[in-house]
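Inside the fold
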Amino acid sequence: MLKLNQISKTFNPGTVNEKKALDGISLELADGDFVTIVGSNGAGKSTLFGAIAGSFYVDEGTVELDGRDITFEPEHIRSQSIGHLFQDPLKGTAPGMTIEENLAIAYLRQARSRFAFFSRITKKEREMFRQMLSRLGMGLEDRMKNPVGLLSGGQRQALTLLMATMVTPKLLLLDEHTAALDPGTAEKVLEITRDVVSERNITCLMVTHNMHQALSMGNRTLMMDGGHIVLDISGEEREHMTVNDLLERFSVSAGKALDNDRILTTRA
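What you are looking at is a predicted structure, and each value in this text was computed from that prediction instead of being measured. (Residues numbered from 1 in each chain as written. Predicted model: local features only at pLDDT ≥ 70, side-chain atom pairs only at ≥ 80, totals over all residues. Heavy atoms only, no water.)

Within the largest apolar cluster, 34 residues are counted, with the highest numbers of intra-cluster contacts made by Ile-99, Leu-103, Leu-133, Leu-136, Leu-159 and Leu-172. At the level of elements, helix H3 (99-108), helix H4 (123-134), helix H5 (153-165), strand E7 (171-175), helix H6 (183-200) and strand E8 (203-207) are the ones that each hand at least two residues to this core. It is H5 that provides the largest number of residues to this core, a total of six residues. Among residues more than four places away in sequence, those in contact with Leu-103 are Phe-129, Leu-133, Leu-159, Leu-162, Met-163 and Met-166. One finds Ile-7, Leu-29, Leu-173 and Val-207 within the second-largest nonpolar core, a separate group that totals 27 residues. (Core = buried A, V, L, I, M, F, W, Y, C linked by side-chain atoms within 4.5 Å. Buried < 20%, exposed > 50% of the residue type's maximum accessible area, 1.4 Å probe, protein only. Helix = DSSP H or I, 4+ residues; strand = E, 2+ residues; numbered from the N terminus. Contact = heavy atoms within 4.5 Å.)

Shown next as structure tokens:
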């Protein structure tokens, strides 16, 4: 479903602030893979997502999605096939618009007609939105006329997840999408994430700072450092791996210990 071939990206080239964020990364994801990604600050995780989503063009290499070369496709075109959630719950929704209006935008952006955004949501589609919202278990189906700005962070993140997947994307990018939420709400959003990704068989990449999540969610775990993928674990090896095992393997592969306190606090 996703194929990265030797992609590289350097920011501020030729200046004192030059930073090689991605350094010859190659990666292949099969249809339905759910891959978790862990790494220190500056490892290149969010930059990797930006390269895939089209936030910028890579300097070298190619990006393919479902057999199509999208290396130089603009971000708004890629968004028709790629869902993207961020750490900040305020991103991904329009706060001044109602829940129903936000869902309508997400639904209509997949339409091929150039007049799609001038269309009206039908009664049938409105009922579909209500049913989708009810599955979140947050009572949002009874608040469809309320502005999104009145929702809590967890409610907005759950709504954003719904908007990103209501028309099944070919690829879903989750960039620490529960990190800004309190533990209880984060677990609820993760539960919704598991259900949605599993039911739709969505190919997914999820950045997390939680080591237990990295091993318990999905079917494959990557660890990044210095713009490289230094560890790629799946199958039986991953199934029997503990957090300490993962940290030890990272230390061997990267040649240094993981130094992110935020990640290390989740090892217990």
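Below, the discussion takes up the sheet that holds strand E10 (residues 228-234). The strand order across the open sheet built from six strands is E6-E7-E8-E3-E9-E10, with neighbouring strands paired in mixed fashion. The open sheet is flanked by strand E6 (82-85) and E10, the only strands paired with a single partner. The average angle at which neighbouring strand axes cross in this sheet is 15°, direction not considered. One ladder, built from four bridges, connects strand E3 (residues 34-39) with E8; its direction is parallel. Bridged to Ile-37 within E8 is Val-207. The strands touched by helix H9 (residues 243-254) within the sheet are strand E9 (220-225) and E10, with E10 carrying the most contacts at an inclination of about 140°. (Pairing = 2+ DSSP bridges. Axes fitted to C-alpha atoms, helices over the stretch in contact; angles between N-to-C directions.)

A word on the packing of H3 against H5. Following both chains from N to C, one finds H3 and H5 inclined at 30°, their axes separated by 8 Å at the closest point. One finds that H3 runs roughly parallel with respect to H5. The hand of the H3/H5 crossing is right-handed. Taking contact as the criterion, the partners of Ile-99, Asn-102, Leu-103 and Ala-106 in H3 are, on H5, Leu-159, Leu-162 and Met-163. When grouped by side-chain class, the residues that make up the contact of H3 with H5 number six nonpolar, one polar and no charged. (Parallel < 35°, antiparallel > 145°, perpendicular 65-115°, else oblique. Left-handed = near helix turned anticlockwise from the far one by under 90°. Nonpolar A, V, L, I, M, F, W, Y, C, P; charged D, E, K, R; others polar.)

Turning our attention to the packing of aromatic side chains. The geometry of an aromatic ring pair comes down to the distance between the two centres and the angle between the two planes. All told, the structure shown has three aromatic pairs when counted by the stated rule. Between Phe-11 and Phe-56, the ring centres sit 5.4 Å apart and the planes meet at 85°, which makes this aromatic pair edge-to-face. A residue pair is termed long-range when its members are at least 10 positions apart, and Phe-11 in strand E1 (residues 2-11) and Phe-56 in the loop between helix H1 (45-53) and strand E4 (60-65) qualify at 45 residues. Phe-56 sits in the buried class, given a relative accessible area of 17%. Judged by centre distance (5.9 Å) and plane angle (80°), the rings of Tyr-107 and Phe-129 are edge-to-face. Placement of Tyr-107 in helix H3 and of Phe-129 in helix H4 is noted, with a sequence separation of 22 residues between them. (Phe/Tyr/Trp six-rings, centres within 6.5 Å; stacked < 30°, edge-to-face > 60°.)

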